[in-house]
Amino acid sequence: MYTCVICRFETELDDVIAPVASGRCVCLRCYARETETALPMPKALRQDVSATLAASTAY
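Residues numbered from 1 in each chain as written. Predicted model: local features only at pLDDT ≥ 70, side-chain atom pairs only at ≥ 80, totals over all residues. Heavy atoms only, no water.

Undergrad: Give a detailed account of the overall build of the chain, specifying residues and quantitative values.
TA: Along the backbone of the chain there are two helices and four strands. Overall, the chain shows an N-to-C arrangement of helices and strands of β-β-β-β-α-α. What you see for the chain is a C-alpha radius of gyration of 15 Å, clearly larger than the 10 Å of a compact globule of 59 residues, by over 25%. Counting only contacts in the chain whose residues sit at least 6 apart along the sequence, the fraction spanning at least 24 positions is 8%. (Helix = DSSP H or I, 4+ residues; strand = E, 2+ residues; numbered from the N terminus. Rg over C-alpha atoms; globule rule 2.2 N^0.38 Å. Contact = heavy atoms within 4.5 Å.)

So, in structure tokens, the structure goes:
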């Protein structure tokens, strides 16, 4: 696990930008926010994800 130097949350290697050996990095969410390249999730996709998560917790 790496720790983002901006938000301080632990981040998986798949979601890391510029990791260093000391375990510090910049996470993808902070990178997108700081570079103003973040894209909003479409409403239909957000609804599908919510419905899928709700259905998966019912079992």
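Undergrad: Explain the pairing of strand E4 (residues 24-27) residue by residue, including any values.
TA: The alternating pattern of E4 places Cys-25 and Cys-27 on a buried face and Arg-24 and Val-26 on a face that is not buried. In this sheet, E4 lies alongside strand E1 (residues 2-4) in parallel orientation, the contact comprising two bridges. Along E4, the bridge assignment pairs Thr-3 with Arg-24. (Buried < 20%, exposed > 50% of the residue type's maximum accessible area, 1.4 Å probe, protein only. Pairing = 2+ DSSP bridges.)

Undergrad: Describe a nonpolar patch on the surface, naming the residues involved and giving the relevant values.
TA: A cluster of nonpolar side chains, namely Met-41, Leu-45, Val-49 and Leu-53, defines an oily patch on the protein surface of about 350 Å² accessible area. Residue position: Leu-53 is located in helix H2 (residues 43-57). For Leu-53, a relative accessible area of 51% corresponds to the exposed category. (Patch = residues over 30% accessible without salt bridge, like charges linked within 9 Å, V, L, I, M, F, W, Y side chains within 5 Å. Areas by Shrake-Rupley, 256 points an atom, 1.4 Å probe, with all protein chains shown as cover. Salt bridge = Lys/Arg side-chain N within 4 Å of Asp/Glu carboxyl O.)

Undergrad: Outline the sheet that holds E4, supporting the account with residue identities and numerical values.
TA: Sheet strands line up and pair through hydrogen bonds in the backbone, either parallel or antiparallel. Read from one edge to the other, the open sheet built from four strands follows the order E2-E1-E4-E3, with strand pairing classed as mixed. Two strands close off the open sheet at either side, each with one partner strand: strand E2 (10-11) and strand E3 (16-17). As judged from the two bridges shared by E3 and E4, these two strands associate in the antiparallel manner. Looking at the pairing, Ile-17 lines up with Val-26 of E4.

Undergrad: Which residues make up the side chain of Thr-11, and what values do they have?
TA: Tracing the sequence through the fold places Thr-11 in strand E2. Judged by relative accessible area, Thr-11 falls into the buried class, the value being 7%. Of the polar contacts made by the side chain of Thr-11, one reaches the backbone oxygen of Phe-9; its length is 3.3 Å. When near neighbours in sequence (up to four residues on either side) are disregarded, Thr-11 contacts Met-1, Tyr-2, Cys-4, Val-16, Cys-25 and Cys-27. (Polar contact = N/O pair within 3.5 Å; in protein donor to acceptor, adjacent residues only side chain to side chain.)

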